[in-house]
Amino acid sequence: MFIKQRPSWSVPESEVTPESVYLNRRKFMTGAIASAAALSIPGLVRAEDTRPGTVLDYKAAPQFSTDEKPAPYDAITTYNNFYEFGTGKQDPSRYASEMSVDPWSVEVEGECANPGKYALEGLLKPHQYQERIYRLRCVEAWSMVIPWVGVPLAEVIKRLEPNSDAKFVYFETLNAPEQMRGQRSLFSTIDWPYREGLRMDEAMNELSFLAVGLYGKTLPNQNGAPIRLVVPWKYGFKSIKSIVRIRFMKEQPKSSWEMIAPSEYGFYANVNPEVDHPRWSQKMERRLPSGVFRPNWIETEKFNGYGEQVAGLYKGMDLSRYY
Ligand SMILES: Nc1nc2c(c(=O)[nH]1)N[C@H]1C(S)=C(S)[C@@H](COP(=O)(O)O)O[C@H]1N2
Ligand SMILES: [Mo]
């Protein structure tokens with residue numbers, strides 16, 4: 001299911017934002033050239049160098065990337081939802097360093113030919129990393145543009161060889177109360193571990209992505225290190241972080257937010273401005289960091305603007321019923 005033509009939301013490589021152009025070119029600079037560049041643009045280089053994480057080797061995937069300007073690194077890494085570390089937007093950046101992400105393994109189970117415990121490196125090794133600049137639209141009506149690095153979920157799934165009974169893929173986040181203070185909280189509404197799932201054809205869609213990095217380096221813990229899902233046409237809560245389990249299933253799994261409030265957060269959770277959340281409108285969104293104030297709100301697009309790629313998955317389904 002690969003795109004032959006450039007979709008409407010993509011841009012030629014020459015037009016991507018200055019920062020990602022810079023980050024991509026950086027990979028081809030060596031020795032003297034790099035230090036000359038460092039001298040001429042010290043601010044930019046210094047800002048880049050202070051970012052934690054390991055530099056990743058990746059190819060830009062402009063055919064899967066928006067031309068909208070990515071949010072600054074600081075916004076992406078200090079305004080987060082990761083309830084394992086608390087419900088405040090700053091809690092994950094404060095406390096996610098208490099989680100240990102190396103070594104990391106992922107348990108693969110259920111309806112497939114290759115179950116087992118995979119070291120993260122083994123799961124990812126055969127794949128070439130891509131950079132994809134996606135919009136992320138939270139159900140709370142804020143959004144950001146984020147330059148992810150990772151691999152298409154479909155590529156990883158193919159190697160695990162799901163059988164014909166595998167109709168859904170289920171994911172689980174790390175369950176480690178000693179490392180995750182939100183899991184120790186008496187006020188937590190989530191029945192840990194955090195769980196999510198996709199229908200098999202959604203998981204195999206070319207947009208479904210397993211991210212291991214952002215802005216060219218390994219993911220900060222607060223963004224779901226070392227491996228998290230990104231499904232850009234669905235509300236952000238589907239994009240489960242810090243994955244330790246992948247299970248192929250016959251039956252539709254229950255996701256965490258669906259377990260808490262099925263009338264507010266459904267299994268499908270496709271971004272849809274026509275269907276309001278029971279407690280607020282989904283017509284507009286606050287694109288961060290600039291969109292905080294009402295005059296700067298923007299209109300939310302159906303499927304978060306990715307309808308060309310995914311609308312076909314839902315033919316014949318009444319999307320107002322499958323929130
Ligand atoms: N394990 C886990 N994954 C999670 C969450 C969470 O609380 N726990 N929050 C979700 C929500 S509501 C959103 S909007 C996105 C936010 O991703 P970001 O913080 O990297 O922007 O992560 C999703 N993945
Ligand atoms: Mo969210």
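Just so you know, these numbers come straight off a predicted model, no measurement behind them.

The environment of ligand 1 is made up of 17 residues, and the closest members are Asn80, Tyr83, Glu84, Thr173 and Lys241. At 3.2 Å from a nitrogen atom of ligand 1 is found a main-chain nitrogen or oxygen belonging to Asn81. Across the complex, the protein chains shield 98% of the 540 Å² of accessible surface that ligand 1 would expose by itself.

Another aspect to go through is the pattern of salt bridges. Considering all chains together, one arrives at 17 salt bridges under this definition. For Arg245, the salt bridge identified is with Glu109, shortest N-O distance 3.0 Å. One end of the pair, Arg245, is in strand 11 (residues 243-249); the other, Glu109, is in strand 2 (residues 105-110), with 136 residues separating them in the sequence. Through salt bridges with shared partners, a single ionic network connects Glu68, Arg135, Arg137, Glu285 and Arg287.

Glancing now at unusual backbone geometry. In this structure, the amide linkage connecting Ala225 to the following residue, Pro226, adopts the cis form with an omega of -5°. Structurally, Pro226 can be placed in the loop between strand 9 (217-218) and strand 10 (228-230). Between Leu288 and Pro289 the backbone carries a cis peptide bond, its omega angle lying at 10°. Following the sequence through the fold, Pro289 ends up in the loop between strand 12 (284-287) and strand 13 (298-299). Positive phi, normally seen in glycine, also occurs at Ala141, with a value near 80°. Residue Ala141 is classed as buried on the basis of its relative accessible area, which comes to 9%.

Moving on to the environment of Ser255. One can find Ser255 in the loop between strand 11 and helix 10 (256-260). Along the primary structure Ser255 and Gly197 are separated by 58 residues, whereas in three dimensions their C-alpha atoms are 6.3 Å apart. Beyond its immediate sequence surroundings of up to four residues, Ser255 is in contact with Arg195, Glu196 and Phe267.

Looking at the protein chain, pLDDT values average 88 and 84% of them are 70 or higher. In this model residues 1-46 is a low-confidence stretch, pLDDT under 50, and it forms 59 contacts with partners more than four residues away in sequence or in other chains.

This paragraph deals with the packing of aromatic side chains. Applying the stated rule across the entire model yields twelve aromatic pairs. With 6.2 Å between their ring centres and 55° between their planes, Tyr73 and Tyr215 make a pair best called tilted. One end of the pair, Tyr73, is in helix 4 (residues 73-78); the other, Tyr215, is in the loop between strand 8 (209-214) and strand 9, and 142 residues separate them in sequence. For Tyr73, a relative accessible area of 12% corresponds to the buried category. With a relative accessible area of 2%, Tyr215 lands in the buried category. Centre to centre, the rings of Tyr134 and Phe209 are 6.0 Å apart; their planes meet at 70°, and the pair counts as edge-to-face. Taken together, the residues span a long stretch of sequence, with Tyr134 in strand 4 (residues 129-137) and Phe209 in strand 8 at a distance of 75 residues. Grouping residues by exposure puts Tyr134 and Phe209 together as buried. Linked through ring pairs, Phe168, Phe267, Tyr268, Phe303 and Tyr314 together constitute an aromatic cluster. The side chain of Arg181 reaches across the aromatic face of Tyr95, ending 3.8 Å from its centre.

What counts, and at which threshold
- Residues numbered from 1 in each chain as written.
- Chains lettered and ligands numbered in written order.
- Predicted model: local features only at pLDDT ≥ 70, side-chain atom pairs only at ≥ 80, totals over all residues.
- Heavy atoms only, no water.
- Near = heavy atom within 4 Å.
- Polar contact = N/O pair within 3.5 Å; in protein donor to acceptor, adjacent residues only side chain to side chain.
- Areas by Shrake-Rupley, 256 points an atom, 1.4 Å probe, with all protein chains shown as cover.
- Salt bridge = Lys/Arg side-chain N within 4 Å of Asp/Glu carboxyl O.
- Helix = DSSP H or I, 4+ residues; strand = E, 2+ residues; numbered from the N terminus.
- Buried < 20%, exposed > 50% of the residue type's maximum accessible area, 1.4 Å probe, protein only.
- Contact = heavy atoms within 4.5 Å.
- pLDDT = per-residue confidence, 0-100.
- Phe/Tyr/Trp six-rings, centres within 6.5 Å; stacked < 30°, edge-to-face > 60°.
- Lys NZ or Arg CZ within 6 Å of the ring centre and 35° of its normal.

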